[in-house]
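Listed below, chain by chain, are the residues.
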Amino acid sequence: MSKHSLIIGGTRGIGRELVRIFSEQGHAVSVIGKRPPSEEDRQRKNVSFWAVDVTDKPGVNTTLAEILAQNGRLDYLVFLQRFKSDGDKWLGEIQTSLTATKEIIEALAAHFSDSDDRSIVAVSSIADEFIADGQPAGYHVGKAGLWHLVRYFAVMLASKGIRVNCVSPCTFVKQENQAFYSQNEKLRNLFKLVIPLGRMGNAVDSANVIAFLCSLSPPLSRDKRSPLMAGFLCCRRSRWRGK
Ligand SMILES: NC(=O)c1ccc[n+]([C@@H]2O[C@H](COP(=O)([O-])OP(=O)(O)OC[C@H]3O[C@@H](n4cnc5c(N)ncnc54)[C@H](OP(=O)(O)O)[C@@H]3O)[C@@H](O)[C@H]2O)c1
């Protein structure tokens, strides 16, 4: 029987790649984004889009009811949203990353399928542990909190057979920033030097990890955080000091 996957933040970056992967695997894919998708994305097979701000609780509840009515009970639920507006960066990050994720999980926990293969994945960042220059305090605290929220729900939902995992990428290349990196040779060379794999990660790498964590393949990987840094953290600092 085909899977029903709900992807929050599936209109850009990693989420967009994940939508493509699940669509190609024959899932019924429900996608939430703040803005409507591109015309190209609308053409994807078995994919339906809803445009709603995840911080708008009544709007989200109406949307979730429509999604369940259209595509049935859930198998996989993935969170990729992050705050990107002009408003208060602290409140915005907390509401978008934490409050919305908590409320959506609580609203949907009773609406998963009866299959053995039920999974939630939240996308954090290496900023859940380290400090990323250029990102505000709220981003760091929101991501650190998200990682702990994952651990909380991993325990709370274990008795329902729902696996809950977290993926924490480093800065990566995605379709939306590809031109920036391809025009910035100095930065590309720096990443080549400090990342043992010799290249930056990309949105497809992260989407593949999420798809893997969603599948039954890692049945024991409950409460798991997967940092995606292509060996970056294993390096001695001296490797990039002064570069
Ligand atoms: N980019 C990186 O280098 C990087 C590094 C580490 C971690 N991450 C994390 O990885 C995740 C995905 O990042 P990304 O760069 O691939 O994607 P992105 O370009 O930041 O897109 C985020 C997605 O979330 C949606 N979204 C944002 N705010 C929303 C809201 N209030 N309500 C509903 N939907 C909302 C966006 O919809 P709209 O486009 O319609 O607004 C979009 O689909 C994020 O959680 C990010 O923090 C990213």
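Here the structure is shown first, and the text comes after it.
Keep in mind that this is a model prediction, so the values were computed, not measured.

Enquirer: Sorry if this is basic, but what is going on with the overall build of the protein here?
Expert: Helices and strands together make up the secondary structure of the protein, namely 8 helices and 9 strands. By residue count, 38% of the 243 residues in the protein fall in the buried class. Restricting to contacts in the protein with at least 6 residues of sequence separation, those with at least 24 account for 68%.

Enquirer: How do you make sense of the environment of Leu-213 when you look at a structure like this?
Expert: Locating Leu-213 in the fold gives a position in helix 8 (residues 203–214). Using a count of 22 C-beta atoms within 10 Å as the deciding quantity, one classes Leu-213 as buried.

Enquirer: What is the right way to look at helix 5 (residues 137–156) in this model?
Expert: Note: α-helices contain 3.6 residues per turn, so residues at a spacing of three or four share the same orientation. In a regular helix each residue adds 1.5 Å, so 20 residues correspond to 28 Å; helix 5 covers 28 Å between its end C-alpha atoms and thus fits that length. Where helix 5 is concerned, the buried positions are Gly-138, Tyr-139, Gly-142, Lys-143, Leu-146, Leu-149, Val-150 and Phe-153. Mapping the buried residues of helix 5 onto a view down its axis gives an arc of 125°, with all of them on the same face. Those residues of helix 5 that are exposed and aimed more than 90 degrees away from the buried face are Ala-137 and Val-155. On its buried side, helix 5 packs onto helix 4 (89–108), strand 5 (118–123) and strand 6 (162–169).

Enquirer: For this particular structure, what's the right way to read the pairing of strand 6?
Expert: Two faces belong to every sheet, and in a regular strand the side chains alternate between them. Where burial is concerned, most of strand 6 is hidden: 8 out of the 8 residues are buried. Residues Ile-162, Val-164, Cys-166 and Ser-168 line one face of strand 6 and the alternating positions Arg-163, Asn-165, Val-167 and Pro-169 line the opposite face, and both faces are buried. Sheet topology places strand 5 next to strand 6; 6 bridges connect them, and they run parallel. By the bridge assignment for strand 6, Ser-119 is matched with Arg-163. One crossover worth recording links strand 5 to the parallel strand 6 by way of helix 5, and it is right-handed.

Enquirer: Where do I start with the site of the ligand in this structure?
Expert: As a structural note, the neighbourhood of the ligand is formed by 27 residues, with Gly-9, Gly-13, Lys-34, Arg-35 and Ser-125 the closest of them. Those elements giving two or more residues to the shell around the ligand turn out to be helix 1 (13–24) and strand 2 (28–33). Ranked by residues supplied to the shell around the ligand, first place goes to helix 1 with 3 residues.

Cut-offs applied
- Residues numbered from 1 in each chain as written.
- Predicted model: local features only at pLDDT ≥ 70, side-chain atom pairs only at ≥ 80, totals over all residues.
- Helix = DSSP H or I, 4+ residues; strand = E, 2+ residues; numbered from the N terminus.
- Buried ≥ 20, exposed ≤ 12 C-beta atoms within 10 Å, placed from the backbone.
- Contact = placed C-beta atoms within 7 Å.
- Expected span 1.5 Å × (residues − 1).
- Arc of directions from axis to C-beta.
- Pairing = 2+ DSSP bridges.
- Right-handed = clockwise from strand over helix to strand, strands pointing away.
- Near = placed C-beta within 6 Å.

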